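# Results of the structural survey
Residue-level listing of the chains:
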Amino acid sequence: MKNEILEIIFSEFPTQKKKITTFFENSPGMEEDLDIFLDTYSNFMELENITPKKLAEAYIEMLNQMIFARKEFIYSGEYLSKNQAEAFDHTYDNEEFMTNYMIALALSQFLWKHHYEVFNFFKSIISRLDPRSSILEVGSGHGLFLLEILKIINKDNTINVVDISKSSIRMTKNIIKSIDENLARHINFHLSDISHYKTDKKYNFITMGEVIEHVDNPLKILKGLHGLLDNDGTLFITTCANCPTIDHVYLFNNVNDIRALVKEAGFEIDSELVTPTEAKSDEYLRKFKVDISYAAVLKKQG
Amino acid sequence: MEIKDELQELFRDILGIDDLILEDTTSADEIDEWDSLAHINLVVAIEREFKIRFALGELSDMKNIGAMIGSILEKIK
């Protein structure tokens, strides 16, 4: 399956061939992990009637959307979506679009070095998590991060998942079902905007991947999560700076903007990962506003 | 000047290759400097040079010079 998918992508995008081949040469584990991922993902693909060709085409479609968003960003210096309502209408509420987008993003975890590094950083963090932890995931998306959490929690533990997209929840349920139907017992899904999620519960661990760049008011979201977190709890976030896509709303101009925001929300940064999409100098990254992925482990300020 | 000649000038400038010669089949496979970042810069340069703007959905066929010329012709006709 891997060769079929890569052949389709590379024939449409010779630039991807160069990039991904180089990544695989420099990070041998990445290609092995891609093999493992596709092997695991194949059952989910069957459940969702996704062929390898469809997966490759979804990835190509996402690339074309990103090229469009990036070139418009060069002209305007702004993201395409003016607000989250607009992004919701054309993305999260559009089942076909969202399905293609999520499967493409899932594949990108193992084709894009910066996504791969963020995923590995996440896995390293949760490997140290107490299996009895009370856990909240905000934005399950393609479900891959949740699957990693399920590997470490106790059999009688339950995770709460809040996601604004019906399609994401459907796909996450299916990916879990494709691994082991019994795993679904461990998860409560809430179809909701996180800012509307009300609970008396406090969590030991909250994870929110690639959400705050999709909302009008990320500070409000972070402050809300501050209130949901135990005093000793951990918030794990991922986001990005200068990363135009068709559904990004809130522009972080650099990593310092992100750091400042989390501090304003009442967090301190325990550890972080900064990974640009291109291996260029800091000056180049700044001058050409190259996409930078960011992940951080946050604790409440003492 | 023919579109291919204009593209060649543009590619030489953006990619920094003074003696670059483009054929219809030339793709990023043959040119090291034509990477993902350069590809987007090339698209923007093409838009500015030919005074066109590709919409979402019109960027899907840019895998080689021949395809790019086709996309440009579609926009300027």
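Please read all numbers here as calculations on a predicted model, not as lab measurements. (Residues numbered from 1 in each chain as written. Chains lettered and ligands numbered in written order. Predicted model: local features only at pLDDT ≥ 70, side-chain atom pairs only at ≥ 80, totals over all residues. Heavy atoms only, no water.)

## Topic: the state of the cysteines
What makes a disulfide is a covalent bond joining the sulfur atoms belonging to two cysteines. All names here are of chain A. Under the criterion given, the structure shown has 1 disulfide over all chains. Disulfide partner of Cys240: Cys243, at an S-S distance of 2.0 Å. Taking the sign of the torsion about the S-S bond as the criterion, the disulfide between Cys240 and Cys243, at about 75 degrees, is right-handed. On the basis of relative accessibility, which here comes to 4%, the residue Cys240 falls in the buried class. (Disulfide = S-S within 2.5 Å. Buried < 20%, exposed > 50% of the residue type's maximum accessible area, 1.4 Å probe, protein only.)

## Some thoughts on the pattern of salt bridges
All names here are of chain A. Scanning the entire structure with this criterion turns up 20 salt bridges over all chains. Between Glu57 and Lys53 there is a salt bridge, with the nearest N and O atoms lying 3.0 Å from each other. Of this pair, Glu57 and Lys53 both sit in helix α4 (residues 52–76), 4 residues apart, which is roughly one turn of that helix. (Salt bridge = Lys/Arg side-chain N within 4 Å of Asp/Glu carboxyl O. Helix = DSSP H or I, 4+ residues; strand = E, 2+ residues; numbered from the N terminus.)

## Topic: the interface of chain A and chain B
Counting residues at the interface gives 21 residues for chain A, matched by 23 residues for chain B. At the boundary of chain A with chain B, total buried surface from both sides reaches about 2100 Å², with 60% on carbon and sulfur atoms. Contact with chain B buries surface across chain A, with Lys18, Lys71 and Tyr75 of chain A losing the most and accounting together for 28% of the total. The salt bridge partner of Glu72 of chain A is Arg53 of chain B, with a shortest N-O separation of 2.9 Å. In this structure, the connection of chain A to chain B is made through 10 residue pairs in polar contact (both at pLDDT 80 or more). Counting residues per element, the ones that place at least two in the side of chain A that touches chain B are α1 (2–12), α2 (14–26) and α4 of chain A. A total of 9 residues in the side of chain A that touches chain B trace back to one element, the largest contributor, which is α4 of chain A. Of the residues assigned to the side of chain A that touches chain B, the class counts are 7 nonpolar, 5 polar and 9 charged. (Contact = heavy atoms within 4.5 Å. Buried area = accessible area lost by both parts, 1.4 Å probe. Polar contact = N/O pair within 3.5 Å; in protein donor to acceptor, adjacent residues only side chain to side chain. Nonpolar A, V, L, I, M, F, W, Y, C, P; charged D, E, K, R; others polar.)

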